[in-house]
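Coordinate analysis (summary)
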Amino acid sequence: MPGVEQFTDRKDTSSGFEVYLREQPILLKGVVTKGFGRGGKMLGCPTANIPVDPYLEVLSEIPGGIYFGWAALPDCDAAPKGDICKMVMSIGWNPYFENKRKSIEPHLIKTLPDFYDVELRLVVGGFIRLEQNFESLELLVEAIQNDIKVASDALELDGMSSLQTHDYLEFSS
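Before going into details, it helps to say that this report is about the structure given with it. All values derive from a computational prediction rather than experimental measurement.

A tally of regular secondary structure across the chain gives three helices and six strands. Listing the helices and strands of the chain from first to last along the sequence gives β-β-α-α-β-β-β-β-α. Taken over the C-alpha trace, the chain has a radius of gyration of 15 Å; the compact-globule value for 173 residues is 16 Å, and the two agree within 12%. Principal axes of the C-alpha set define a box for the chain whose edges measure 45 × 35 × 30 Å. Taking all 173 residues of the chain together, 49% fall into the buried category.

In structure tokens, the structure reads:
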């Protein structure tokens, strides 16, 4: 699959899953917008969707799949002093739902209230798997929960935990 070769460093997580790391992270940011309304309600995995248009070139170079890294929020109602937290993210068409357009849907691995209309910054350092279709909603939810666990473990690996302090995640006062 074209684009996967950008993630060349194969590592095993503490939970025994393979992930692939990228030497230079992908940097994304955008104002969080309302998505399809199914992440938190239907899937138990709320997402903070950001606009795709500024990243059409980057997205054309990587396959649809599940990625992980760090997310930063500025000082806002959801994060009164700002926050940096682990994230797992779907980039793709979400075949189960038959989306017609690629989307960027990060899930912050932390319980936060909704935070629409706030800038979110993402440092994407790794790849878990290609996106795939599922025979049932239950199998999709099971895969999402596994992706969250794998991402959380992977972000503890050497090289990934240091991305938490990447300059891109800092908001100037």
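Another aspect to go through is the nonpolar core. With 53 residues, the main nonpolar core has Leu28, Phe68, Met89, Phe115, Leu120 and Leu122 as its most contacted residues. When contributions to this core are tallied by element, the ones reaching two or more residues are strand E2 (18-31), strand E3 (65-73), strand E4 (83-92), strand E5 (103-108), strand E6 (119-130) and helix H3 (137-154). Ignoring sequence-local partners within four residues, the contact set of Met89 consists of Leu28, Gly65, Ile66, Tyr67, Ile104, Glu105, Pro106, Leu122 and Val124.

For the coordinates displayed, the defined rule picks out eight salt bridges. Its salt-bridge partner being Arg101, residue Asp53 comes within 2.1 Å of it at the nearest N-O pair. Residue Asp53 is found in the loop between helix H1 (39-42) and helix H2 (56-61), and its partner Arg101 is found in the loop between E4 and E5; the two are separated by 48 residues along the sequence. Take Asp53: its relative accessible area is 48%, and that puts it in the partly exposed class. In this structure Arg101 comes out as partly exposed when scored by relative accessible area, which is 45%.

Positive phi outside glycine occurs at Glu98, with the angle close to 55 degrees. Counting through the fold element by element, Glu98 comes out in the loop between E4 and E5. With phi around 65 degrees, Asp117 is a residue other than glycine that occupies positive phi space. Position of Asp117 among the secondary structure elements: in the loop between E5 and E6. Accessibility expressed as a relative area gives 66% for Asp117, which makes it exposed.

Before going further, it helps to spend a moment on the side chain of Ser90. Assignment of secondary structure puts Ser90 in strand E4. Within the structure, Ser90 has its side chain in polar contact with the side chain of Asn94 (distance 3.0 Å). In this structure Ser90 touches Gly65, Ile66, Ser103, Ile104 and Glu105, once residues within four positions along its chain are discounted.

Topologically, Met87 is positioned in strand E4. Judged by relative accessible area, which is 0%, Met87 ranks as buried. Considering only alpha carbons, one finds Met87 and Tyr67, 20 residues apart in sequence, at a separation of 8.5 Å.

How each quantity is defined
Residues numbered from 1 in each chain as written. Predicted model: local features only at pLDDT ≥ 70, side-chain atom pairs only at ≥ 80, totals over all residues. Heavy atoms only, no water. Helix = DSSP H or I, 4+ residues; strand = E, 2+ residues; numbered from the N terminus. Rg over C-alpha atoms; globule rule 2.2 N^0.38 Å. Buried < 20%, exposed > 50% of the residue type's maximum accessible area, 1.4 Å probe, protein only. Core = buried A, V, L, I, M, F, W, Y, C linked by side-chain atoms within 4.5 Å. Contact = heavy atoms within 4.5 Å. Salt bridge = Lys/Arg side-chain N within 4 Å of Asp/Glu carboxyl O. Polar contact = N/O pair within 3.5 Å; in protein donor to acceptor, adjacent residues only side chain to side chain.

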